[in-house]
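# Fold and geometry: a report
Residue strings, one per chain:
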Amino acid sequence: MRALGLVTIIIVLCTPLRTLAQPSDTVNFEHYVFTAHPLDGGDGVFSMGAALTILPQPLTEYPTPAPMVDLHWRLGLPLQTSIYGRAGSNIATTLANMGLMWSFSFGRASVGVGVSEMYMYGNITYVDGFNTVQHRWATYPMVAASWSFPAFTVSGRFEVEYMTSQVRTIADQTVTTAQDQVNGGSLTLAIEQPFWKNTHVSMGVTLNYSRNPYQAWFLFNTFRDKMFYPELFVGFML
Amino acid sequence: MKNITLVLAALVLCLNGCVSELTPVVYPTVDYETVISTTTPLTLEQRAQMNGIYIMQEGRSTFGDTVAVRWDGEAMSIYTVKSVSFFYVRGGMRTDSARFVGYWRAVQGPETGEVSLGILASEGGKELAEGKGNGVGLTLRGTITSPGSSRPNTLVLKKIKALANRTRGFEIIGHRGGGRNSDRLGKSENSIELMLFASQLGATACEIDVYGTSDGVPVVFHDPTFTPRTVQGAYLLGDISNYSLRQIRGFVRLVNGEQLPTLEEALMEVVDKSTIRTIWLDNKDSRVVDEILAIHQRVMDHAASKKRTIRILFGIPTTEIYDAYMKSPLKGTAPVLCELDQASVRASNAAVWAPRFTDGLQSDVVAQMHKEGRDVYCWTMDDPGFILRFLTEGDFDGFCTNYPTLLAALFYTRKDLK
């Protein structure tokens, strides 16, 4: 069932390429956030969109969607380096991530390595009975690769999530609930292409394999099993 | 744009099918009979002698430094904080030594394996056989198998002291009868089988959920509807209150194949076949409040006839149940557990107040409740950090938990309980 779902997602992801792609003879590397292709120093890319996942049922007991406003950005620096980041929020969870990547290209292929740090703030004191606030810090080493076609770019990014600190507060009690542990990893597959006039679109899926999904921090997960759950995203580069 | 909408809709539909399930647990098959038939059962005194806090001399990388060992009926359990594991072993004495076999399970993951333990005559077996001493120094020695390990690992535990306790007493309350279906205990949540096994998991009490059928029979079930999470196959759809007991009996089996129990069946079985001392009825259907109270009366009469001490608490989790209880002609016939505010606790003359743990320690209110002669149970405590904090800094009389094993390990091995 899972394999079938994944194949379906990949097939459906490819569908808009035929309908939306604007034929082009030149490869445009500069408008994309997920590609590993180095940006020129000072060049920046910003994407605004949304992400959606269905939380693992063992945690939630019922299929529970977790949407999030999702912003990505990337800024080129000298020596083929760039800083990249993400910010997202769905009110209950707000996160900010920033990291440094070094990358290089050979022909249409690009490869990069990087590391980023994420801070997450969770607050559901306004939900009756939950009364919980969380702060989480995590480090994400990553490798990325991409291939640029004339009309679009396909990118993959593999990240490992290393949780350095997770502190929860309920009412008058604060407890460190997890620290210094590998929480899991993710593989992000993204397709980026022109969409409309000067607007470009990035869309894809992040295949998460995680013990403690950040989208479900308030569920006090206790399972040691790592669970698989995909997260879809779409963003528009203005 | 229409294409994108269709694409996104298809993707969302696919998402749910992609989310993973937990790894199934394959419990080992243990040959209890061979050991039981060649040993003599321990007496109650010998079992009490064995109960205690043990240090792990070998095996601490998996199970930590100290563990709790506790007999319940014919089986001995071991509870560990590290790995959150329970051991279920059976066996007995062979002259001046002892032999036990069983299995262990890490309840927050899929790990399980076989256990073989013994007590040598020179390591406390002789004293145990003679019923001398308090068991301190007694050594359990043996092996366990583990997933991914080709040969058994050595396990050595030595008793250092008696189990910790609390002056006012303390209830380790197994949520949904002892654990959730997602905990993969091999017995379904809210099944009679799980309630009877709960004490081996470390529970001294059970919280169970009560709904009513269309013909007004209180049954033990957590959700208002039948879903694949709780039952095998989706033969009945929609609300449980739409179906009669006969229809449910004909078409519903819990996820591990058990029959969905009526409240009366479940309570009678717990009275007759378990050592559980408190049952918390989490009532979710105001239509059957009178029936539940009548069942309580019958079960307590049955318990009295068997000289069985048990407390069955009529739970009031919502204002609907509160209103129905206050209007019931059987009001006052059962001890009440109230989850609502203090005014409702007093108005219903509840024996127990049960706040959420996310409301904090509430030490002043807890002290006031104790002063009024009421117990205070907190729910639902699963995080070891919060459990420890609430055990050491709070003054609660019990916690409801999905992991009675974890709570038992933390409670029995703590040094600084009030």
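Residues numbered from 1 in each chain as written. Chains lettered and ligands numbered in written order. Predicted model: local features only at pLDDT ≥ 70, side-chain atom pairs only at ≥ 80, totals over all residues. Heavy atoms only, no water.

With that settled, consider the overall build of chain B. Along the backbone of chain B there are 14 helices and 17 strands. The C-alpha atoms of chain B give 23 Å as radius of gyration, which agrees with the globular expectation for 418 residues (22 Å, within 12%). Projected onto its principal axes, the C-alpha positions of chain B cover 70 × 65 × 40 Å. A buried classification covers 57% of the 418 residues belonging to chain B. Looking at chain B alone, contacts between residues at least 24 apart form 59% of all its contacts between residues at least 6 apart. Counting only carbon and sulfur atoms, one obtains 51% of the accessible surface of chain B, whose full area is about 16700 Å². (Helix = DSSP H or I, 4+ residues; strand = E, 2+ residues; numbered from the N terminus. Rg over C-alpha atoms; globule rule 2.2 N^0.38 Å. Buried < 20%, exposed > 50% of the residue type's maximum accessible area, 1.4 Å probe, protein only. Contact = heavy atoms within 4.5 Å. Areas by Shrake-Rupley, 256 points an atom, 1.4 Å probe, with all protein chains shown as cover.)

A separate point is the sheet that holds strand β3 (residues 75-80) of chain B. All names here are of chain B. Pairing within the closed barrel is antiparallel, and its eight strands lie in the order β1-β2-β3-β4-β5-β6-β7-β8. Strand after strand, the sheet turns through a mean of 30° between neighbouring axes, direction not considered. Bridge count between strand β1 (residues 52-58) and strand β2 (residues 66-72): four bridges; the pairing is antiparallel. Residue pairing across strands places Tyr54 opposite Val67, the latter belonging to β2. (Pairing = 2+ DSSP bridges. Axes fitted to C-alpha atoms, helices over the stretch in contact; angles between N-to-C directions.)

Here the focus is the side chain of A:Thr206. All names here are of chain A. When you line up the elements, Thr206 lands in strand β10 (residues 199-210). Judged by its relative accessible area of 10%, Thr206 falls in the buried class. Separated by 3.0 Å, the side chains of Thr206 and Thr188 make a polar contact. Residue contacts for Thr206: discarding those within four places in its chain leaves Ser186, Leu187, Thr188, Tyr229, Pro230, Glu231 and Phe233. (Polar contact = N/O pair within 3.5 Å; in protein donor to acceptor, adjacent residues only side chain to side chain.)

Our next topic: the layout of surface pockets. Over the atoms, a rolling probe the size of a water molecule traces out where space has been left empty. Each pocket or cavity is described by its volume, and for the largest pocket that value is around 1400 Å³. As for the largest pocket, its lining consists of 42 residues, and the residues nearest its centre are A:Phe130, B:His175, B:Arg356, B:Trp379 and B:Thr380. Of all elements in the fold, only α2 (57-60) of chain A together with β10 (205-212) and β12 (278-283) of chain B reach the threshold of two or more residues within the lining of the largest pocket. No other element matches β12(B), which puts three residues into the lining of the largest pocket. In terms of residue class, the lining of the largest pocket is made up of 17 nonpolar, 13 polar and twelve charged. Here the second largest pocket is characterised by a volume of approximately 580 Å³. Around the second largest pocket sit 24 residues that line it, and A:Thr177, A:Gln181, A:Arg211, B:Gln108 and B:Pro384 are the ones nearest its centre. (1 Å grid on protein atoms, 1.4 Å probe; cavity = no way out; pocket = protein on both sides within 12 Å on 5 of 7 lines; lining within 4 Å. Points joined across faces, edges and corners; volume = space filled by probe spheres on them. Nonpolar A, V, L, I, M, F, W, Y, C, P; charged D, E, K, R; others polar.)

This next bit is on the packing of aromatic side chains. Tallying each qualifying case throughout the model produces 29 aromatic pairs over all chains. When the ring of A:Phe220 is compared with that of B:Phe386, the centres are 6.0 Å apart and the planes differ by 75°; the resulting orientation is edge-to-face. Placement of A:Phe220 in the loop between β10 and β11 (227-237) and of B:Phe386 in helix α13 (residues 384-393) is noted, with the two residues assigned to different chains. Note on A:Phe220: relative accessible area 13%, which makes it buried. Here the aromatic rings of B:Phe170 and B:Phe411 are separated by 4.5 Å at their centres, their planes lie at 15°, and the arrangement is stacked. One end of the pair, B:Phe170, is in the loop between β8 (153-161) and β9 (171-174); the other, B:Phe411, is in helix α14 (residues 404-413), with 241 residues separating them in the sequence. For the pair B:Phe170 and B:Phe411, a shared accessibility class is recorded, and that class is buried. (Phe/Tyr/Trp six-rings, centres within 6.5 Å; stacked < 30°, edge-to-face > 60°.)

Another point: helix α12 (residues 363-371) of chain B. All names here are of chain B. Of all the positions in α12, only Val365, Val366, Met369 and His370 are classed as buried. Down the axis of α12, the buried side of the element spans an arc of 140°, and every buried residue falls inside it. Relative to its buried face, α12 has exposed residues pointing more than 90 degrees away, namely Asp364 and Lys371. At its buried positions, α12 is contacted by α11 (342-347), β15 (352-353) and β16 (375-378). Downstream of α12 by a residue or two, Gly373 has a phi angle that is positive, lying close to 85°. (Arc of directions from axis to C-beta.)

Before going further, it helps to examine the pairing of strand β2 (residues 64-77) of chain A. All names here are of chain A. When strand β1 (residues 44-55) meets β2, the two strands line up antiparallel, connected through twelve bridges. The residue bridging Gly44 from the neighbouring strand is Leu75, located in β2. Where β2 lies against strand β3 (residues 81-89), nine bridges are found, and the strand directions are antiparallel. Considered in β3, the bridge of Leu77 is made with Thr81. Linking β2 to β3, which pair antiparallel, is a turn of three residues; within it Leu79 sits at a positive phi near 60°.

Residue and element names in this part refer to chain B. Here strand β17 (residues 398-401) shows no split at all, with Gly398 and Cys400 on one side and Phe399 and Thr401 on the other all buried. As defined by bridge partners, β16 adjoins β17 across two bridges and the pair is classed as parallel. From the neighbouring strand, Tyr377 faces β17, where its bridge partner is Gly398. Chirality of the crossover, the property in question, places the unit of β16, α13 and β17 among those that are right-handed. (Right-handed = clockwise from strand over helix to strand, strands pointing away.)

Right, let's talk about the domain arrangement of chain B for a bit. Residue and element names in this part refer to chain B. Examined at the domain level, chain B breaks down into domain 1 (32-161) and domain 2 (171-413). Counting residues at the interface gives 21 residues for domain 1, matched by 19 residues for domain 2. Between domain 1 and domain 2, a total of about 1700 Å² is buried, with carbon and sulfur atoms accounting for 60% of that surface. Put simply, domain 1 and domain 2 have zero salt bridges between them. One can count ten residue pairs in polar contact (both at pLDDT 80 or more) joining domain 1 with domain 2. Among the secondary structure elements, those contributing two or more residues to the side of domain 1 that touches domain 2 are β2, β3, β4 (85-94) and β5 (97-106). Sort the elements by how many residues they give to the side of domain 1 that touches domain 2 and β2 lands first, with five residues. Per-class residue counts for the side of domain 1 that touches domain 2 are twelve nonpolar, six polar and three charged. (Domains from an automatic or database assignment. Buried area = accessible area lost by both parts, 1.4 Å probe. Salt bridge = Lys/Arg side-chain N within 4 Å of Asp/Glu carboxyl O.)

Once that is clear, we can look at the pattern of salt bridges. Pairing between side chains of opposite charge can happen when their charged atoms approach one another. One pass over the structure, following the stated rule, counts 30 salt bridges over all chains. The salt bridge partner of A:Glu61 is B:Arg229, with a shortest N-O separation of 3.4 Å. Placement of A:Glu61 in the loop between α2 and β2 and of B:Arg229 in the loop between β11 (218-220) and α7 (245-251) is noted, with the two residues assigned to different chains. The two residues A:Glu61 and B:Arg229 agree in class, both being buried. For the salt bridge of B:Asp375 with B:Arg168, the shortest nitrogen-to-oxygen distance reads 2.9 Å. Here B:Arg168 lies in the loop between β8 and β9 and B:Asp375 lies in strand β16, a separation of 207 residues in the sequence. Using a relative accessible area of 19% as the deciding quantity, one classes B:Asp375 as buried. Using a relative accessible area of 41% as the deciding quantity, one classes B:Arg168 as partly exposed. One salt-bridge network, held together by shared partners, links B:Arg166, B:Arg168, B:Arg311, B:Asp375, B:Asp395 and B:Asp397.

A few words now on the packing of helix α8 (residues 263-273) of chain B against helix α9 (residues 289-305) of chain B. The angle between the axes and the distance between the axes are what describe a pair of packed helices. Residues and elements named next belong to chain B. Packing of α8 against α9 brings their axes to within 10 Å, and their N-to-C directions diverge by 25°. Considering the angle they form, α8 stands roughly parallel to α9. The hand of the α8/α9 crossing is right-handed. Facing α8, whose interface residues are Leu263, Glu264, Leu267, Met268, Val271 and Asp272, α9 presents Ile292, Ile295, Arg298, Val299, His302 and Ala303. The residue makeup of the contact of α8 with α9, split by class, is eight nonpolar, one polar and three charged. (Parallel < 35°, antiparallel > 145°, perpendicular 65-115°, else oblique. Left-handed = near helix turned anticlockwise from the far one by under 90°.)

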